[in-house]
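Given next are the chains, with one letter for each unit.
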Amino acid sequence: MDKKEGEKEDKNPKNPNQLNIELSEETAEGIYANLAMIAHSSSEFVIDFIRLMPGVPKAKVKSRIVVTPEHAKRLLQALEENVRKYEATFGPIKQIEEAPKFPMNFGGTIGEA
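Right, let's walk through the structure included here. (Residues numbered from 1 in each chain as written. Predicted model: local features only at pLDDT ≥ 70, side-chain atom pairs only at ≥ 80, totals over all residues. Heavy atoms only, no water.)

### Regarding the pattern of salt bridges
Okay, step 1: Applying the stated rule across the entire model yields 2 salt bridges.
Okay, step 2: Close ionic contact of Arg64 with Asp48 constitutes a salt bridge, the shortest N to O distance being 2.6 Å. Taken together, the positions of Arg64 in strand 3 (residues 60–67) and Asp48 in strand 2 (residues 45–51) put the pair 16 residues apart, joining distant regions of the chain.
Okay, step 3: Here Arg64 falls in the exposed class, since its relative accessible area comes to 54%.
Okay, step 4: One salt bridge connects Lys85 with Glu81, and the closest N-O pair in it is separated by 3.0 Å. On the criterion of helical spacing, the pair formed by Lys85 and Glu81 is a turn pair, its members being 4 residues apart in helix 2 (residues 69–90).
Okay, step 5: The exposure class assigned to Lys85 is partly exposed, which follows from its relative accessible area of 48%.
Okay, step 6: The class for Glu81 is partly exposed, based on a relative accessible area of 37%. (Salt bridge = Lys/Arg side-chain N within 4 Å of Asp/Glu carboxyl O. Helix = DSSP H or I, 4+ residues; strand = E, 2+ residues; numbered from the N terminus. Buried < 20%, exposed > 50% of the residue type's maximum accessible area, 1.4 Å probe, protein only.)

Here is the structure:
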């Protein structure tokens, strides 16, 4: 089909499968967490991102994310892929042999939803 005079060619036709994701300035700043605790039920995974500070007996949950089991598995696969890419670029991530020392009951009991 020929273009009419003065008509511009659309170089970015809309893709009906394209997802438009909005990221607010506040969310883009991110929240620091150095501990994650995960609980699950038959229908969901609950991931609490926590900031644990040395010498402070109380830790705060900074964000709680609830996902389906299927999404939890996709998240696991995406994390594995990104760790592989990171290590290919920057080298192996060093891990401490022993588990970090923090009180396991710092936020009370963990229940299943």
